[in-house]
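Below are the chains, spelled out letter by letter.
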Amino acid sequence: MNASTGFDVASIAERVQSEVQRAIQRSIKGVEYISSSGPSLGSTPKDVLYSRGTMNLYHYRPMASEVYRVPILIVMATTNRGYILDLVPGQSFIEFMLKRGYDVYMLDWTAPKPEEKTLSMEDYVLDFIPESVRRVQQDSGEQDVSVIGYCFGGVLSLLYGSIFNDGPMKNLICFTTPIDFREMKLFQNFSDRRYFDVDKLVDSVGNVPGDMIMTSFDMLRPASRVFSQVQLWDNIWNDEYVKGYRMMDRWGTDTLPLAGEYFRQTVKNLMWDNKLYNDSMTVGGREAKLANIKVPILHAVAEHDHIVPYDAAKHLIPKIGSEDKEEVMLKGGHVSLVAGANAIKRLWPKLDSWLGKRST
């Protein structure tokens, strides 16, 4: 220690050396991060049961000796890849459900081709979902099918269930599904009919680019990407943190384009006229009122969902015609509700408990 200043010179030197070594290790890990590929996602064994255009229907191979009678069809949002529900072993919702004895199918999407720009809401609700349900029935040998819809996949599932309300859907589960589109504030501002010419956009570009959709999501939390990258740098030597970051970042940037006509209808019917909330929605001339749905339904919403705020989702259960209906609010955000450590502790066990007794 320097007697005149009171500073411990040796201690300062050790701290400087420690920080230098820390910076070196961070830089080495940063190079490893850039040069290495991310974890392999969506690896739970599955078979392609049916494929046509932008739709893929998967059947996941059973992992339990005894399987519930009623199969599950998961309907993904049209902007998102299904592997968010099948990240890696031990962190896969699909794997969890298979091990709990469920027979799991998924309706997943690929980017629509330029010639598919005319795909409409009718194609998704009156063709893709019913055809997938029929294929599940044929493959499983069961008439009843439970449907799980994530985000806008939940909207499509609700439209299907309200139109085919005497059909094979036995249970309906929705994750973070919007009903009152007036409460999707940023999207409302983005698509304000006074300034947003959706006809000109669709007629000019055909399919709406995924980058445009992803940018609208980023605008909800403008600083979140920068903040997450700072957190990554601070935790670059934590292999588990880096693995989790890479999984979520890859999915978050892997946004699909939307078929032009489908996007046009979504903006006009839902964002502008709020027809689902107002009970005036029709698809292909067929009434799609939520009160028509009578099957058991569970709606899981996230306490800190910045994409689908609770005010946009809270009207679903009151509007449903079922007697057996439940809303559950869980901690987490739009993604962490369904994937990651939070989901493993909260949503997955809740869904298993609710669905198990309704799947026999």
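Here's a quick rundown of the structure. Predicted model only: the values in this text are computed from it and were never measured. (Residues numbered from 1 in each chain as written. Predicted model: local features only at pLDDT ≥ 70, side-chain atom pairs only at ≥ 80, totals over all residues. Heavy atoms only, no water.)

A few words on the overall build of the protein chain. When helices and strands are tallied, the protein chain shows 15 helices and 10 strands. Taken over 360 residues, the protein chain has a buried fraction of 49%. Carbon and sulfur atoms form 51% of the exposed surface of the protein chain, whose accessible area is close to 16600 Å². (Helix = DSSP H or I, 4+ residues; strand = E, 2+ residues; numbered from the N terminus. Buried < 20%, exposed > 50% of the residue type's maximum accessible area, 1.4 Å probe, protein only. Areas by Shrake-Rupley, 256 points an atom, 1.4 Å probe, with all protein chains shown as cover.)

Glancing now at the packing of helix 3 (residues 121-140) against helix 10 (residues 260-272). For the pair helix 3 and helix 10, interaxial distance at closest approach is 7 Å and the crossing angle is 100 degrees. In terms of orientation, helix 3 and helix 10 fall into the roughly perpendicular class. Along the contact surface, helix 3 presents M121, E122 and Y124, while helix 10 presents Y262, Q265 and T266. Split into classes, the residues belonging to the contact of helix 3 with helix 10 amount to 3 nonpolar, 2 polar and 1 charged. (Axes fitted to C-alpha atoms, helices over the stretch in contact; angles between N-to-C directions. Parallel < 35°, antiparallel > 145°, perpendicular 65-115°, else oblique. Contact = heavy atoms within 4.5 Å. Nonpolar A, V, L, I, M, F, W, Y, C, P; charged D, E, K, R; others polar.)

This paragraph deals with the pattern of salt bridges. Scanning all chains against the criterion turns up 22 salt bridges. In this structure, R264 and D203 form a salt bridge, with 3.1 Å as the shortest nitrogen-oxygen distance. Pair noted here: R264 is in helix 10 and D203 is in helix 6 (residues 198-205), with a separation of 61 residues, a long-range link. Under the relative-accessibility criterion, R264 is labelled buried at 13%. Taking relative accessible area as the criterion, D203 reaches 57% and is therefore assigned exposed. We note a salt bridge from E261 to R264, for which the minimum N-O separation is 3.1 Å. Here the residue E261 and the residue R264 both occupy positions in helix 10, the gap between them amounting to 3 residues, near one helical turn. Among the ionic contacts, a cluster of salt bridges with common partners joins D199, D203, E261, R264 and K268. (Salt bridge = Lys/Arg side-chain N within 4 Å of Asp/Glu carboxyl O.)

Here we come to the sheet that holds strand 1 (residues 46-52). Across the sheet, 8 strands lie side by side as 1-2-4-3-5-6-9-10; this open sheet has mixed pairing. Of all strands in the sheet, those bounded by a partner on one side alone are strand 1 and strand 10 (325-330). Across the sheet, the axes of successive neighbouring strands diverge by a mean angle of 20 degrees, strand direction being ignored. Docked against the sheet, helix 3 engages strand 1, strand 2 (55-60), strand 3 (72-75), strand 4 (104-109) and strand 5 (145-150), running at close to 150 degrees with respect to strand 4. (Pairing = 2+ DSSP bridges.)

Now for the packing of aromatic side chains. Overall, the coordinates contain 12 aromatic pairs when judged by the stated rule. With a centroid separation of 5.8 Å and an interplanar angle of 55 degrees, the aromatic rings of W109 and F128 are classed as tilted. Linking W109 in strand 4 with F128 in helix 3, this pair joins segments that are 19 residues apart in sequence. On the basis of relative accessible area, F128 is assigned to the buried category, the value being 4%. Aromatic side chains Y124 and Y262 sit 4.4 Å apart centroid to centroid with 35 degrees between the ring planes, which places their arrangement in the tilted category. (Phe/Tyr/Trp six-rings, centres within 6.5 Å; stacked < 30°, edge-to-face > 60°.)

For the pair helix 3 and helix 4 (residues 152-163), the least separation of the axes is 10 Å and the interaxial angle reads 75 degrees. Considering their axes alone, helix 3 and helix 4 lie roughly perpendicular with respect to each other. Where helix 3 abuts helix 4, its residues M121, Y124, V125, L126, I129, P130 and V133 lie against L156, S157, L159, Y160 and I163.

Regular strands have side chains that alternate between both faces of the sheet. With 6 of 6 residues buried, strand 9 (residues 297-302) lies mostly within the body of the structure. Residue alternation in strand 9 divides its side chains into two sets, I297, H299 and V301 and L298, A300 and A302, and both sets are buried. Alignment of strand 6 (residues 169-175) against strand 9, held across 4 bridges, turns out to be parallel. By the bridge assignment for strand 9, C174 is matched with H299. With 6 bridges joining them, strand 9 and strand 10 adopt parallel strand pairing. By the bridge assignment for strand 10, I297 is matched with K325.

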